[in-house]
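Here's the letter readout for the chains.
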Amino acid sequence: MSSELSDEFSKNHPSDLTPTQIASLQQHAVTVAHHAYAPYSKFRVGAAVLLTDGTIVTGCNVENASYRLTTCAEQTAITSAVALHGPGIRIRAIAVANLNETASQPCGACRQTIHEFSTPDTIVFYPAEAGTIAQATIAELLPAAFLL
């Protein structure tokens, strides 16, 4: 998968991250995707969360024979970040990658979990068509987030 950002998308959604930071975050996601436990779907996903303090925490999907108990990579990374740094974490950006070279945005549950620890401007990078990487803010991906 190419780590280039989709030119049209990145013009409309500028990030305050440098291309090097984005590439590094994406590489972390690809690397951890190799650790995914996906014997049923064979869809191996990795996520790298960049916290506002500069720390990167990764996670991969972990499937279960019941399917419903499968844990997505984004949720695994965020759960790890909370376990390591406490409930006050804030996500600056998150990169998602899969080893299947397939376009895939975070699912609805992952979007809500990302939203819980983000600001509306948190950037989400995810696989798009033709091996490109798309980006959107969490507010764009989840405009009607559940709030208490």
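A.B. asks: Mind showing me how you'd approach the nonpolar core here?
C.D. replies: Looking at soluble globular proteins, one finds that nonpolar side chains tend to be buried together. One finds Val49, Leu51, Ile91, Ile94, Val124 and Tyr126 to be the most contacted residues of the largest nonpolar core, which totals 22 residues. Breaking this core down by element, the ones donating at least two residues are strand E1 (45–51), helix H3 (73–85), strand E3 (91–98), strand E4 (118–127), strand E5 (133–137) and helix H5 (138–141). Of all hydrophobic cores here, the second largest spans 12 residues; its members include Leu25, Ala48, Leu50 and Ile123.

A.B. asks: Hey, could you run me through the confidence of the model for the protein chain in this one?
C.D. replies: In low-pLDDT regions, the fine details of the predicted coordinates are not to be read closely. The pLDDT averaged across the protein chain works out to 91; a share of 90% of its residues lies at or above 70. Counting contacts from residues 1–13, a segment whose pLDDT is below 50, to residues more than four positions away or on other chains yields 24 contacts.

A.B. asks: Would you mind going over the layout of surface pockets with me for this structure?
C.D. replies: Size it by volume and the largest pocket reaches roughly 150 Å³. Partitioning the lining of the largest pocket into residue classes produces 8 nonpolar, 5 polar and 1 charged.

A.B. asks: Just to check I follow, could you spell out the sheet that holds E4 for this structure?
C.D. replies: Through backbone hydrogen bonds, the strands of a sheet pair up, either in parallel or in antiparallel fashion. Here 5 strands make up an open sheet; going across it, the order is E2-E1-E3-E4-E5 and the pairing mixed. Across the chains shown, the open sheet's two edge strands, defined by having one partner strand only, are strand E2 (56–60) and E5. When the angles between neighbouring strand axes are averaged without regard to direction, this sheet yields 15°. Alignment of E1 against E2, held across 5 bridges, turns out to be antiparallel. Paired with Ala47 across the two strands is Gly59, which belongs to E2. Contacts between helix H2 (residues 19–33) and the sheet are confined to E1, E2, E3, E4 and E5, with E3 contributing the most and set at about 50° to the helix. Those strands touched by H3 are E1, E2 and E3, and its axis lies near 135° from that of E2.

A.B. asks: Help me understand the packing of H3 against helix H4 (residues 108–116) in this model?
C.D. replies: Two quantities define a packed helix pair, namely the angle between the helix axes and the distance between the axes. With their axes 9 Å apart at the nearest point, H3 and H4 run at an angle of 25° to one another. As the angle between them shows, H3 and H4 are arranged roughly parallel. In this structure, H3 meets H4 at a crossing whose hand is left-handed. Contacts from Glu74, Gln75 and Ile78 of H3 reach H4 at Ala109, Cys110, Thr113 and Ile114. Taken together, the residues that form the contact of H3 with H4 break down as 4 nonpolar, 2 polar and 1 charged.

A.B. asks: Any chance you could explain the environment of Pro143 here in plain terms?
C.D. replies: By secondary structure assignment, the location of Pro143 is in the segment after H5. Under the relative-accessibility criterion, Pro143 is labelled exposed at 72%. Here the alpha-carbon distance between Pro143 and Pro120, two residues 23 residues apart in the chain, equals 9.2 Å.

About the criteria used
Residues numbered from 1 in each chain as written. Predicted model: local features only at pLDDT ≥ 70, side-chain atom pairs only at ≥ 80, totals over all residues. Heavy atoms only, no water. Core = buried A, V, L, I, M, F, W, Y, C linked by side-chain atoms within 4.5 Å. Buried < 20%, exposed > 50% of the residue type's maximum accessible area, 1.4 Å probe, protein only. Helix = DSSP H or I, 4+ residues; strand = E, 2+ residues; numbered from the N terminus. pLDDT = per-residue confidence, 0-100. Contact = heavy atoms within 4.5 Å. 1 Å grid on protein atoms, 1.4 Å probe; cavity = no way out; pocket = protein on both sides within 12 Å on 5 of 7 lines; lining within 4 Å. Points joined across faces, edges and corners; volume = space filled by probe spheres on them. Nonpolar A, V, L, I, M, F, W, Y, C, P; charged D, E, K, R; others polar. Pairing = 2+ DSSP bridges. Axes fitted to C-alpha atoms, helices over the stretch in contact; angles between N-to-C directions. Parallel < 35°, antiparallel > 145°, perpendicular 65-115°, else oblique. Left-handed = near helix turned anticlockwise from the far one by under 90°.

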